[in-house]
Amino acid sequence: IMALTHRSFSAQHNERLEFLGDSVLSFLIANELYKRFPRIDEGDLSRLRAQLVKESSLSTIATSMGLGDFIRLGEGELKSAGWRRPSILADTFESIIGAIYLDGGIEPTHTFILRFFETQLNEMDPKLIQKDPKTLLQELLQSKKSDLPIYTVVSIEGEAHSQTFTIECSIKKLNIQTIDDTQFLFIDTPGFQLKHLNLINKGLNKTVNQVLSDVDVVLFVIESRGMTEEDQAVMKLIPKDRPTILVMNKVDLMKDKNALLKEIKTMSESYSFKAMVPVSAKKNKHLDHLLATVRDFLPEQPFIYGEDEITDKSERFLASEIIREKIFRLTGQEVPYSIAVEIEKFEVEGNLRRIFAAIIVDKESQKPMLIGRDGEKLKQISTEARQDMEELFGGKVWLETWVKVKSGWSTDQRVLKSLGL
């Protein structure tokens, strides 16, 4: 029973068994690979083992066993369908391995594991060993003539003989638009934070400064009523040698056009903008003029991306952003912006995408705001996000969402880095 008990159900839970089972499973799979493939080196053996014992593989086995029906979960995890969550399923499977080892020793455990891995072991071809994710990412970016990722060591934990390294991999976010002989690569920055400078906001500010230094031209977007004090502070961050175009948005809301002209005159006298373009992004007014203006400041070079590409971000990333957008739009001011979305599993089966997403909040009191009465709010968020994903991805989407609490995550550097923030 202990092996099936999640920490949300009882203080006596299965995490110690999970720790033991993970080690036993890794050892027994390593032993099988060592005996079956005598000619391949340590690096390839490690990659083969990683393919077999990764979370997605273990959760698939757990699902085939119907393990989710027997896991003992707390009320919160039950409401968020924790019995189907890949991480919980994989952890429980490892806990069972730990329990079998304690009860019967290595031989029964070996027999149990081979029941599920024998076929995969027999069908494995070392010639088809996948390259590690770092190499695959680097080759992809080089093929697109993109900047290579930046790797930063965030933290080092554990004893000297068994250390765990947390690494940050940073890649610029691009939105791509190709029109005739011009390709526009838009890099969207977060808003610059002047107050509440916790770790997450400091990280956002660092991103803003880095992007401003890298781009060919800056589009400084404000509302048509004029600059605020915050806008003026951000203006000081723009490098002096960077061409800057003032984009005055929401001009459709200004009834007095003379007031708009007066504001444009004031701006031209106060700042050295290369151009000023009034637009209405919502109503698609004057955006063609804006692109024509931007074009004059772009360097001449071959296209970096294919003409049909619209972003360099993965579907996994786009899925998380769509869910975040629905949360903010449907909850209004109820839920603070200190939330994150973690895609725990993303599978593609033909034209179907199966997506499992955890919404991370800082406090237990924020969960009901997102879940709503009888789960209605979370259902609405999920439904609208799924519909947008299906339109963007061009296929059916199976989306499961749940809410998790990670207290203090927005001020914990290690957690922020693990979430890619």
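Note that the structure is a prediction, hence the values are computed from the model and not measured.

A. How the structure looks around the overall build of the protein. Scanning the protein from N- to C-terminus turns up 15 helices and ten strands. Per-residue burial over the protein gives 39% buried out of 421 residues. Taking contacts inside the protein between residues at least 6 apart in sequence as the whole, the part at least 24 apart equals 65%. A total accessible area of about 24,800 Å² is found for the protein, and carbon and sulfur atoms account for 51% of it.

B. Spatial organisation of the confidence of the model for the protein. For the protein, per-residue confidence averages 79 on the pLDDT scale, and 75% of positions sit at 70 or higher. When pLDDT is averaged over each element of the protein, helix α1 (residues 15-36) comes out on top at 94 and helix α15 (residues 413-418) at the bottom at 52.

C. Quick peek at the sheet that holds strand β9 (residues 352-361). Pairing within the open sheet is mixed, and its three strands lie in the order β8-β9-β10. Every other strand in the sheet has two partners, leaving β8 (340-349) and β10 (396-405) as the edge strands with one partner each. Direction aside, the axes of adjacent strands within the sheet are offset by 15 degrees on average. For β8 and β9, the ladder comprises nine bridges, and the chain directions are antiparallel. Its bridge partner being in β9, E347 is matched across the sheet by R354.

D. Quick look at the side chain of K345. By secondary structure assignment, the location of K345 is in strand β8. Owing to a relative accessible area of 11%, K345 belongs among the buried residues under this scheme. Within the structure, the side chain of K345 is placed 3.3 Å from the side chain of S59, a separation counted as a polar contact. At 3.1 Å, the side chain of K345 and the side chain of E347 are in polar contact. Not counting chain neighbours up to four residues away, the residues in contact with K345 comprise S56, S59, T60, P86, R316, R354, I355 and F356.

E. Here's a closer look at the nonpolar core. Ranked by internal contacts, the top residues of the largest apolar core, which has 32 residues, are L25, I29, L33, L52, F93, I113 and F117. Mapped onto this core, the elements with two or more residues apiece are α1, α2 (42-53), α3 (55-65), α5 (86-104) and α6 (106-123). Among residues more than four places away in sequence, those in contact with I29 are R49, L52, V53, I113 and F117. Residues A319, I339, F393 and V397 belong to the second largest nonpolar core, which totals 25 residues.

F. Highlighting unusual backbone geometry. Look at K250: it is not a glycine, yet its phi comes out positive at around 65 degrees. Residue placement: K250 occurs in the loop between β6 (244-249) and α10 (257-270). You will see that D374, though not glycine, has its phi angle at about 55 degrees, which is positive. Along the chain, D374 turns up in the loop between α13 (367-371) and α14 (376-393).

G. A look at α14. Counted at 1.5 Å a residue, the expected span for α14 with its 18 residues is 26 Å, and the 25 Å between its end C-alpha atoms agrees. Of all the positions in α14, only L378, I381, S382, E384, A385, M389, E390 and F393 are classed as buried.

H. How the structure looks around a nonpolar patch on the surface. A surface patch of nonpolar side chains, amounting to about 380 Å² of accessible area, comprises F27, Y101, L102 and I106. Its location among the elements puts I106 in helix α6.

I. The packing of α2 against α3, seen in detail. Look at α2 against α3: their axes get within 5 Å of each other, and the N-to-C directions meet at 40 degrees. One element, α2, and the other, α3, form an angle in the oblique class. Residues Q51, L52 and V53 of α2 form the contact with α3, whose participating residues are E55, S57 and L58. Grouping the constituent residues of the contact of α2 with α3 by class yields three nonpolar, two polar and one charged.

J. Main features of the packing of aromatic side chains. Summed over all chains, the structure comprises four aromatic pairs. Ring geometry for F93 versus F116: centroids 5.8 Å apart, planes at 85 degrees, classification edge-to-face. Of this pair, F93 sits in helix α5 while F116 is found in helix α6, placing the two residues 23 residues apart along the sequence. The exposure class of F93 is buried, given its relative accessible area of 0%.

K. Fine view of the packing of helix α12 (residues 315-331) against α14. Relative orientation of the contacting elements α12 and α14 amounts to 140 degrees, with a least axis distance of 9 Å. Between α12 and α14, the interaxial angle falls into the category oblique. The two elements α12 and α14 cross, and the hand of that crossing is right-handed. Contacts between α12 and α14 involve E315, L318, A319, I322, I323, E325, K326, I327, R329, L330 and T331 on the former and, on the latter, K377, Q380, I381, E384, A385, D388, M389, L392 and F393. When its residues are assigned to classes, the contact of α12 with α14 shows eleven nonpolar, two polar and seven charged.

Cut-offs applied
- Residues numbered from 1 in each chain as written.
- Predicted model: local features only at pLDDT ≥ 70, side-chain atom pairs only at ≥ 80, totals over all residues.
- Heavy atoms only, no water.
- Helix = DSSP H or I, 4+ residues; strand = E, 2+ residues; numbered from the N terminus.
- Buried < 20%, exposed > 50% of the residue type's maximum accessible area, 1.4 Å probe, protein only.
- Contact = heavy atoms within 4.5 Å.
- Areas by Shrake-Rupley, 256 points an atom, 1.4 Å probe, with all protein chains shown as cover.
- pLDDT = per-residue confidence, 0-100.
- Pairing = 2+ DSSP bridges.
- Axes fitted to C-alpha atoms, helices over the stretch in contact; angles between N-to-C directions.
- Polar contact = N/O pair within 3.5 Å; in protein donor to acceptor, adjacent residues only side chain to side chain.
- Core = buried A, V, L, I, M, F, W, Y, C linked by side-chain atoms within 4.5 Å.
- Expected span 1.5 Å × (residues − 1).
- Patch = residues over 30% accessible without salt bridge, like charges linked within 9 Å, V, L, I, M, F, W, Y side chains within 5 Å.
- Salt bridge = Lys/Arg side-chain N within 4 Å of Asp/Glu carboxyl O.
- Parallel < 35°, antiparallel > 145°, perpendicular 65-115°, else oblique.
- Nonpolar A, V, L, I, M, F, W, Y, C, P; charged D, E, K, R; others polar.
- Phe/Tyr/Trp six-rings, centres within 6.5 Å; stacked < 30°, edge-to-face > 60°.
- Left-handed = near helix turned anticlockwise from the far one by under 90°.

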